[in-house]
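This is what each chain is made of:
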Amino acid sequence: MREKAGIMDMRKAFLIIVLSTLITACGDQNIVNNIKLIQTVGYDAARNGIQSAALITNYEEVGKTKLEFFVTESNSMYDSMPRLNTKLDFPIEYGQLRMALFGETFARKGIETAITSLIRDPKISLRTHLGVADRDALEILNVTENKRDPYFLFDMIKQNIRSGNFPLTNLHVTFFNFFGEGRDVFLPYFTVEHGEIKIDGLALFKGDKFKTKISIREAFLLKMLLENSKNGSIMVPVRGPNQNRGDYFLMNSIGSKSTFKVISIGPPACVSIHLKLDAQVRDVPKWINLASKDQRVWLEKMMEAYFEKEIQKFVSLCKRNNVDPVGFGDLIRSRSYKWDDRDFQDHYEALKTTVSVNVTIVQTGR
Amino acid sequence: MRNEISEEYMVSPYLIIFPLYVSIVGVGILNYQSKLIQHAGYNAWISVILTGISIHVILWMIYKILSSNRNDQEIISLNHTLFGKFLGNFVNLAVVLYFVYGAFVKFKVYIEMVQIWLFPRMNILPLTIIIALLIYYAVSGGFRSVTAIGVWTILISLPSVIPQVLLTLPFLHPLNLLPLLNHSATDILLSSKTMVFQYLGLETILLFYPFIKTPAKSQKWAHIIVIFVTFLYLVLLILAFMFLSEGQLRHCIWATLAMISIFEVPLLQSLEYFFVSLWFINIIAGISVYLWVACRGMKTAFRIGQRPSLIVFLIAAVTLNYFIKDHGRIEWISELYGTVGFYFIYAYIPFMFVCVLIRKRLAFHFEERKPA
């Protein structure tokens, strides 16, 4: 009796195993040669609607890739994919999309529809990077076409976040800043120099509209305020006690930590910023002797004063343009029981900040 | 009244953590965050703690009800004794249908998730039939095999959730949790009510209780698993709060999946796909417990064999699943289930608890003792 039941169970188990292989037939198959993988897109404002450009790689043979470049015009953002489809021999897949670039006029008009449509699609990775071009996105993408790398811009941004002056940014961070109260979006800003693409700082947004750009130096200040600024570098001016022409030296950040304290929630609010920075200094002018402790302390003091001044300047630039990439609004929100975004905006210009910086020179060159 | 259960069908007391875990935790753990903040905003973590505490009280009541009488060790027979044959059977039918409904909601919500995340264009009927066959296989193996699937679920799904979620650490903004208390007590309680939905499944113990060897010893384990589940919900909620800004969470339905999808590994760029697939076993296990419980109820209440009722339930689930496609209706179905479940837990169980207490008091008063 029991044996018979055992055989029955085995049969049943076998049946189940055979049946589960059938599940594989339920899914839809996509072979890489039979689809068009969109890897980078660019959006520009056109006369009536938008112009979108897509970079697609053609995987013909191993090791050989050919970039294809398609431009479509459509009335709205949502229509661009179906329109593009009418130009292609295989269906589009955009699960591998890693970069979306907005042209300057497009970004000034507002990117809300673009980013919300990116975020709604579960296929699109949250690690996708966004960027703004100082001209039409199409022109910048045309330059990348020669690079034979569909992810050129993506890798460029990634590289600059890891080992450059860029604060951490991607689709998730943009979305966080866009919908978060008391924060504004910032995106990498591209330009073309001598026929090569160059990152030219950050584009600051108010709401979904591109407002102003900051240089790569100021991007480093923002990085220090937002996160650990490891690997960022900046040129610091220096002037000796009896010199009339100043020199510059290069400073590399080894690590930094910023702490914000709300002194009063206002209005007008008052925030104190404390920044601790560990720096590596190389190539100092030869009249500075880093081996001497006095000189090092003097240099640290000088750098502290410089950063305090620069951060104050950066904050007042933000206030002047009414953008808040640092998230001062969010800081005040977290301390107040009733918080109104509009009320904060009205008094943003009057926001008071005190900055204190503590620099330690930890390593010098050989 | 009661069928003797042979020991070969029973499980050890500590094993109940598995059927309890799989019946409590379902698809809800992937998207409860955005529902929870509708009232209490980012103070909703307090609501999770409040609901967790109330669930412990309910669990204590369940054990009091079930251990009240040595003869009637489950809710079906207890309904008979308390309400008489006709009314008792009416209540029993409602209880059985409630569990079938719960199983269907789990089934439907998972299928919908597969359609959203994995295969939007897939023909869903073959998939549901195969899932139904798998469930048939699991449930017809008896309570022990249902428990065993639960063991596999915990072994497979938990290790795959926890490390992935911790990878969000570089993106966390602890500032989001502040200010700590800027919502009224009413709002926090309303969110607690929404949270109850995530604990439904606990009541399956009302029916599988007699299948535990020395049931009294299992109470400790039941409380442990509720503490664990509360902790899991709390951690995922607080991580989601720090990972997503409040406005963003309102736009983000699948918050847990969003947290997982921030991480990329070579070759597997979208880990959330992997995760949705792994969640399959969790859902199979959960539905199995629900359907096993429903079939068991049918057997003790109406003397209908477990196999025929299981087949009927599965066919009903597959057919209904085929005809219900609209997202709004699915939402409505699961919300209705949430409401029914809320009253099941916070009205029916305390009511039974009071009834059992009164009955005990009366029995004590008249010094009448039924033969053991």
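Everything numeric in this text was worked out from a predicted model, so none of it was measured.

**Q** Any details on the overall build of chain B? Residues and values, ideally.
**A** From N to C terminus, chain B includes 14 helices and zero strands. Compactness check: chain B gives a C-alpha radius of gyration of 21 Å against a globular reference of 21 Å for 372 residues, within 12% of the reference. Dimensions of chain B, computed from the C-alpha atoms along their principal axes, are close to 65 × 50 × 35 Å. The contacts in chain B between residues at least 6 apart in sequence include a share of 86% that link residues at least 24 apart. Summed over all atoms, the accessible surface of chain B reaches about 15,900 Å², with 70% contributed by carbon and sulfur. Charge centroids of chain B, computed over 25 positive and 16 negative side chains, lie 8 Å from each other.

**Q** Give me the interface of chain B and chain A: which residues, what numbers.
**A** Counting from both sides, the interface comprises 37 residues of chain B and, opposite them, 34 residues of chain A. Here chain B meets chain A over a buried area of about 3,200 Å², counting both sides, of which 61% is carbon and sulfur. For the pair chain B and chain A, the interface holds zero salt bridges. Residue assignment for the side of chain B that touches chain A shows that the elements contributing at least two residues are helix 4 (75-117), helix 5 (124-140), helix 9 (218-243), helix 10 (246-251), helix 11 (255-261) and helix 12 (271-302) of chain B. Tallying contributions element by element places helix 5 of chain B first for the side of chain B that touches chain A, with seven residues. The residue makeup of the side of chain B that touches chain A, split by class, is 22 nonpolar, ten polar and five charged.

**Q** How would you summarise the domain arrangement of chain A if you had to cite specific residues and measurements?
**A** All names here are of chain A. As assigned here, chain A comprises domain 1 (27-214) and domain 2 (234-366). On a C-alpha basis, the centroid separation for the pair domain 1 and domain 2 is 33 Å. Listed as interface residues are eleven residues of domain 1 and, on the opposing side, 16 residues of domain 2. Both sides of the domain 1 and domain 2 interface together cover about 1,100 Å² of buried area, and 54% of this is carbon and sulfur. The largest share of the area that domain 1 buries against domain 2 comes from Glu181, Gly182 and Lys206, three residues that together contribute 39% of it. Taken together, the connections running from domain 1 to domain 2 amount to one salt bridge. Salt-bridge contacts for Arg183 lead to Asp330; the nearest nitrogen and oxygen are separated by 3.1 Å. The interface formed by domain 1 and domain 2 includes six residue pairs in polar contact (both at pLDDT 80 or more). Residue assignment for the side of domain 1 that touches domain 2 shows that the elements contributing at least two residues are strand 8 (196-206) and strand 9 (209-214). Tallied by class, the residues present in the side of domain 1 that touches domain 2 amount to four nonpolar, two polar and five charged.

**Q** I'd like a rundown of the packing of aromatic side chains, residues and numbers included.
**A** Residue and element names in this part refer to chain B. This structure, assessed with the given rule, holds 38 aromatic pairs over all chains. Between Trp60 and Phe353, the aromatic rings sit 5.5 Å apart at their centres with planes inclined by 55 degrees, giving tilted as the arrangement. In this pair, Trp60 sits in helix 3 (residues 44-66) while Phe353 sits in helix 14 (residues 327-366), placing the two residues 293 residues apart along the sequence. Phe353 gets classed as buried once you look at its relative accessible area, which sits at 12%. Taken together, a centroid distance of 4.9 Å and an interplanar angle of 90 degrees make the contact between Phe211 and Trp292 edge-to-face. With Phe211 in the loop between helix 8 (205-208) and helix 9 and Trp292 in helix 12, this pair connects stretches of sequence that are 81 residues apart. What makes Phe211 buried here is its relative accessible area of 5%. Residue classification places Trp292 among the buried residues on the basis of a relative accessible area of 3%. Ring pairing ties together the aromatic residues Tyr98, Phe99, Tyr101, Phe197, Tyr290, Tyr337, Phe344 and Tyr348, which thus form one cluster.

**Q** Could you give an account of the pairing of strand 10 (residues 233-238) of chain A, naming the residues involved and the relevant values?
**A** All names here are of chain A. Only one face of strand 10 is covered, namely the one carrying Ile234, Val236 and Val238; the face carrying Ser233, Met235 and Pro237 has none of its residues buried. Relative to strand 11 (residues 247-264), strand 10 runs antiparallel, the two sharing six bridges. Paired with Met235 across the two strands is Leu250, which belongs to strand 11.

**Q** Now, about the pattern of salt bridges: what can you tell me, with residues and values included?
**A** All names here are of chain A. Enumeration over the complete set of coordinates arrives at 19 salt bridges over all chains. Glu310 is the partner of Arg217 in a salt bridge, and the nearest nitrogen-oxygen pair spans 3.6 Å. Taken together, the residues span a long stretch of sequence, with Arg217 in helix 8 (residues 216-226) and Glu310 in helix 9 (residues 293-321) at a distance of 93 residues. Judged by relative accessible area, Glu310 falls into the buried class, the value being 11%.

**Q** Describe the packing of helix 1 (residues 17-24) of chain B against helix 12 of chain B, listing the residues and the values that go with them.
**A** Residues and elements named next belong to chain B. It is the contact of helix 1 with helix 12, at a shortest axis distance of 8 Å, that shows an interaxial angle of 105 degrees. When the interaxial angle is binned, helix 1 and helix 12 end up roughly perpendicular. Counting all contacts with helix 1, which are made through Pro19, Tyr21, Val22 and Ser23, the residues of helix 12 involved are Asn282, Ala285, Gly286, Val289 and Tyr290. The residue inventory of the contact of helix 1 with helix 12, partitioned by class, reads six nonpolar, three polar and no charged.

**Q** How would you sum up the nonpolar core? Please name residues and give values.
**A** Counting 142 residues, the largest nonpolar core has Tyr233 and Trp279 of chain B as its most contacted members. The element contributing the most residues to this core is helix 4 of chain B, with 19 residues. When near neighbours in sequence (up to four residues on either side) are disregarded, Trp279 of chain B contacts Val25, Gly26, Val27, Ile29, Leu30, Tyr110, Met113, Ser157 and Val161 of chain B. Grouped together as the second largest cluster of nonpolar side chains are 66 residues, Ala53, Phe186, Leu277 and Phe344 of chain A included.

**Q** Tell me what's going on with helix 13 (residues 306-323) of chain B, and back it up with residues and numbers.
**A** Residues and elements named next belong to chain B. End to end, helix 13 covers 26 Å across 18 residues, agreeing with the expected 26 Å (1.5 Å per residue, within 8%). Buried residues of helix 13: Ser309, Leu310, Phe313, Leu314, Ala317, Val318 and Asn321, and no others. For helix 13, the buried positions fall inside an angular range of 165 degrees around the axis, keeping them on one side. Facing away from the buried surface of helix 13 by more than 90 degrees, the exposed residues are Val312, Ile315 and Phe323. Contacts from the buried residues of helix 13 go to helix 4, helix 5 and helix 12.

**Q** Now, about the side chain of Thr128 of chain B: what can you tell me, with residues and values included?
**A** Residues and elements named next belong to chain B. Looking at the element boundaries, Thr128 is found in helix 5. A distance of 2.7 Å separates the side chain of Thr128 from the backbone oxygen of Leu125, its partner in a polar contact. The contact partners of Thr128, leaving out residues within four places of it in the chain, are Phe107, Ile111, Val318 and Asn321.

**Q** Can you tell me about the environment of Val326 of chain A, naming the residues and giving the values?
**A** All names here are of chain A. Take Val326: it is sitting in the loop between helix 9 and helix 10 (328-333). You can call Val326 buried: its relative accessible area is 7%. Separated by 149 residues in the primary sequence, Val326 and Asn177 have C-alpha atoms spaced 9.9 Å apart.

**Q** I'd love a proper account of the environment of Thr81 of chain B, names of residues and values included.
**A** Looking at the element boundaries, Thr81 of chain B is found in helix 4. The spatial distance from the C-alpha of Thr81 of chain B to the C-alpha of Ile16 of chain B is 26 Å, given a sequence separation of 65 residues.

**Q** Any details on a negative patch on the surface? Residues and values, ideally.
**A** Taken together, Glu181, Asp340, Asp343 and Asp346 of chain A make up a surface patch of like negative charges. By the secondary structure assignment, Asp346 of chain A is in helix 11 (residues 341-346).

**Q** So what's going on with helix 7 (residues 185-196) of chain B? Residues and values would help.
**A** All names here are of chain B. With twelve residues, helix 7 extends 17 Å between its outermost C-alpha atoms, agreeing within 8% with the 16 Å of an ideal straight helix rising 1.5 Å per residue. Along helix 7, the residues that are buried comprise Ile188, Ser191, Ser192, Met195 and Val196. Angular distribution of buried residues about the axis of helix 7 spans 155 degrees; they occupy a single face of the element.

Thresholds applied
Residues numbered from 1 in each chain as written. Chains lettered and ligands numbered in written order. Predicted model: local features only at pLDDT ≥ 70, side-chain atom pairs only at ≥ 80, totals over all residues. Heavy atoms only, no water. Helix = DSSP H or I, 4+ residues; strand = E, 2+ residues; numbered from the N terminus. Rg over C-alpha atoms; globule rule 2.2 N^0.38 Å. Contact = heavy atoms within 4.5 Å. Areas by Shrake-Rupley, 256 points an atom, 1.4 Å probe, with all protein chains shown as cover. Lys, Arg positive; Asp, Glu negative; His and termini not counted. Charge placed at Lys NZ, Arg CZ, Asp CG, Glu CD. Buried area = accessible area lost by both parts, 1.4 Å probe. Salt bridge = Lys/Arg side-chain N within 4 Å of Asp/Glu carboxyl O. Nonpolar A, V, L, I, M, F, W, Y, C, P; charged D, E, K, R; others polar. Domains from an automatic or database assignment. Polar contact = N/O pair within 3.5 Å; in protein donor to acceptor, adjacent residues only side chain to side chain. Phe/Tyr/Trp six-rings, centres within 6.5 Å; stacked < 30°, edge-to-face > 60°. Buried < 20%, exposed > 50% of the residue type's maximum accessible area, 1.4 Å probe, protein only. Pairing = 2+ DSSP bridges. Axes fitted to C-alpha atoms, helices over the stretch in contact; angles between N-to-C directions. Parallel < 35°, antiparallel > 145°, perpendicular 65-115°, else oblique. Core = buried A, V, L, I, M, F, W, Y, C linked by side-chain atoms within 4.5 Å. Expected span 1.5 Å × (residues − 1). Arc of directions from axis to C-beta. Patch = residues over 30% accessible without salt bridge, like charges linked within 9 Å, V, L, I, M, F, W, Y side chains within 5 Å.

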